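Listed below are the residues making up each chain.
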Amino acid sequence: MFIESDFQCFHRSLRCRQGLGKSVAVLTGVLDDCLCDIESIDDFNTFKIFPKIQKLQERDYFRYYKVNLKRPCPFWADDGHCSIKDCHVEPCPESKIPVGIKAGSSNKYSKAANNSKELEDCEQASKLGAVNSTLSNQSKEAFIDWARYDDSQDHFCELDDERSPDAQYVDLLLNPERYTGYKGPSAWRVWNSIYEENCFKPRSVYRPLNPLAPSRGESFYTWLEGLCLEKRVFYKLISGLHASINLHLCANYLLEETWGKPRWGPNVKEFTRRFDPIETKGEGPRRLKNLYFLYLIELRALSKVAPYFERSVVDLYTGNGHEDAESKALLLDIFRDTKSFHMHFDEKSMFAGDKKGAKSLKEEFRLHFKNISRIMDCVGCDKCRLWGKLQTQGLGTALKILFSEKEIQSLPENSPSKGFQLTRQEIVALVNAFGRLSTSIRELQNFKVLLQQTR
């Protein structure tokens, strides 16, 4: 039972040590709703995944992300953009973008493209050929097919229109996720809307430690215990994403600024405030366990999507043949590692009831998550909005993959497929979102060491 594993077994699954006069949670044991233990994830991430995913994120194909940070908030009057200097995002000049990536920006899903005529297809092939004369006819057909294919029914996210004049390329390496000072009512309202309106929760049940509502934690977990697996999973995914983002902010905090030179690094006090079991009335360990659960979900998606990328027709094309080959080789190496992990989450246990009910629940699941992706356009800090949109899209892509297993398994080896496609934006978001989770778990290990050193 959910309530038993988190309350009655609290001391069994946590070892508390004293640090800074407060108990420090060191998570151990098996996660809820799956058969994987935390120690196995820590070892797997530290020694196999983290070093490789870091290298992959540095490669050109994955470091440039096209995003529209000017889309208006669709749910409430905009608070106006944050004026804090660290909230600023520096767009990348077009001249710096690899030529192959710029060519690929037109390969999107849209109804207009889906209804295009053969003449438009020929023009598209001509443009692609002008950019890369080494592309085979099969590859050109695949790119054209991507441009024509509309799979909006499978999307779990509201995707930015890459053709919009407000959409800009951002170099993720030059705009790292870190604490910007964006907080208070505006930030609370975003997360409150996500939890209160999109996590299948009745308004009469309040979230623990919600700054905008009375604290009634016990009734909340009694309610959560009674949910079906799918809705419990949904809540854990959002909570895990929230925990991961908070970890990034704690690990990359503005510690001081002397003569205009900022020094960023881990803030133990901030970490304790957000995750210590005493400081958070037991909430911190729950949040961290949900982070591990989210890691498992995205890890499972990577292992499932491997056949899509293993095909010769799929290239990570930037225009630099040598780098492109190395990038794909590294990605496939990571896929081999993900498939070797022996304690995956079993997504087959989800939506396994009667077909009509399962289909309805899946659609509800998808629409709730899509709504959350739209809420990211309400974030007032540009840098927070950038990373919020990217990580939400990455998780949405992971869910799309998990719910498309049959389509992935039936992909043709050397020709385009209308059954399942990923845009470059989805691929970049998927890899970087998982990279953020991998970093979160690695940073958590660092905080454990720092807390022990301050005993």
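About the criteria used
- Residues numbered from 1 in each chain as written.
- Predicted model: local features only at pLDDT ≥ 70, side-chain atom pairs only at ≥ 80, totals over all residues.
- Heavy atoms only, no water.
- Salt bridge = Lys/Arg side-chain N within 4 Å of Asp/Glu carboxyl O.
- Buried < 20%, exposed > 50% of the residue type's maximum accessible area, 1.4 Å probe, protein only.
- Helix = DSSP H or I, 4+ residues; strand = E, 2+ residues; numbered from the N terminus.
- Polar contact = N/O pair within 3.5 Å; in protein donor to acceptor, adjacent residues only side chain to side chain.
- Contact = heavy atoms within 4.5 Å.
- Axes fitted to C-alpha atoms, helices over the stretch in contact; angles between N-to-C directions.
- Parallel < 35°, antiparallel > 145°, perpendicular 65-115°, else oblique.
- Left-handed = near helix turned anticlockwise from the far one by under 90°.
- Nonpolar A, V, L, I, M, F, W, Y, C, P; charged D, E, K, R; others polar.
- Disulfide = S-S within 2.5 Å.

Q: Quick one: what's the story with the pattern of salt bridges, residue by residue and with numbers?
A: This structure, assessed with the given rule, holds 27 salt bridges. Here R163 and D161 are joined by a salt bridge, their closest N and O atoms 3.2 Å apart. Of the residues examined, D161 reaches a relative accessible area of 35% and is grouped as partly exposed. Residue R207 pairs with E196 through a salt bridge whose shortest N-O separation is 3.8 Å. Within this pair, whereas R207 is found in the loop between α9 (185–198) and α10 (217–225), its partner E196 is found in helix α9, the two being separated by eleven residues in sequence. The two residues R207 and E196 agree in class, both being buried. Several salt bridges share partner residues, and in doing so they unite K52, D333, R336 and D337 into one network.

Q: For the side chain of N432, give the residues involved together with the corresponding values.
A: In this structure, N432 sits in helix α18 (residues 424–453). A polar contact is formed between the side chain of N432 and the side chain of Q57, at a distance of 3.1 Å. Residues within four places of N432 in sequence aside, it is in contact with Q57, F62, L172 and L390.

Q: Summarise the packing of helix α13 (residues 283–310) against helix α14 (residues 321–340); cite the residues concerned and give the values.
A: For the pair α13 and α14, the least separation of the axes is 9 Å and the interaxial angle reads 135°. With respect to their mutual orientation, α13 and α14 come out oblique. The way α13 lies across α14 gives a crossing that is left-handed. Counting all contacts with α13, which are made through L299, L302, S303, V305, A306, F309 and E310, the residues of α14 involved are K328, L331, L332, F335, T338 and K339. Looking at the contact of α13 with α14 residue by residue, the class counts come to eight nonpolar, two polar and three charged.

Q: Quick one: what's the story with the state of the cysteines, residue by residue and with numbers?
A: Considering all chains together, one arrives at one disulfide under this definition. Each sulfur in the disulfide pair C73 and C378 lies 2.0 Å from the other. One quick way to see it: the torsion about the S-S bond of C73 and C378 is about 75°, and its sign makes the bridge right-handed. Here C378 lies in the loop between α15 (355–375) and α16 (382–402) and C73 lies in the loop between β3 (64–68) and α5 (99–104), a separation of 305 residues in the sequence. A relative accessible area of 4% places C378 in the buried class. Cysteine C34 is unpaired, with the sulfur of C36 as its nearest cysteine sulfur at 6.0 Å.

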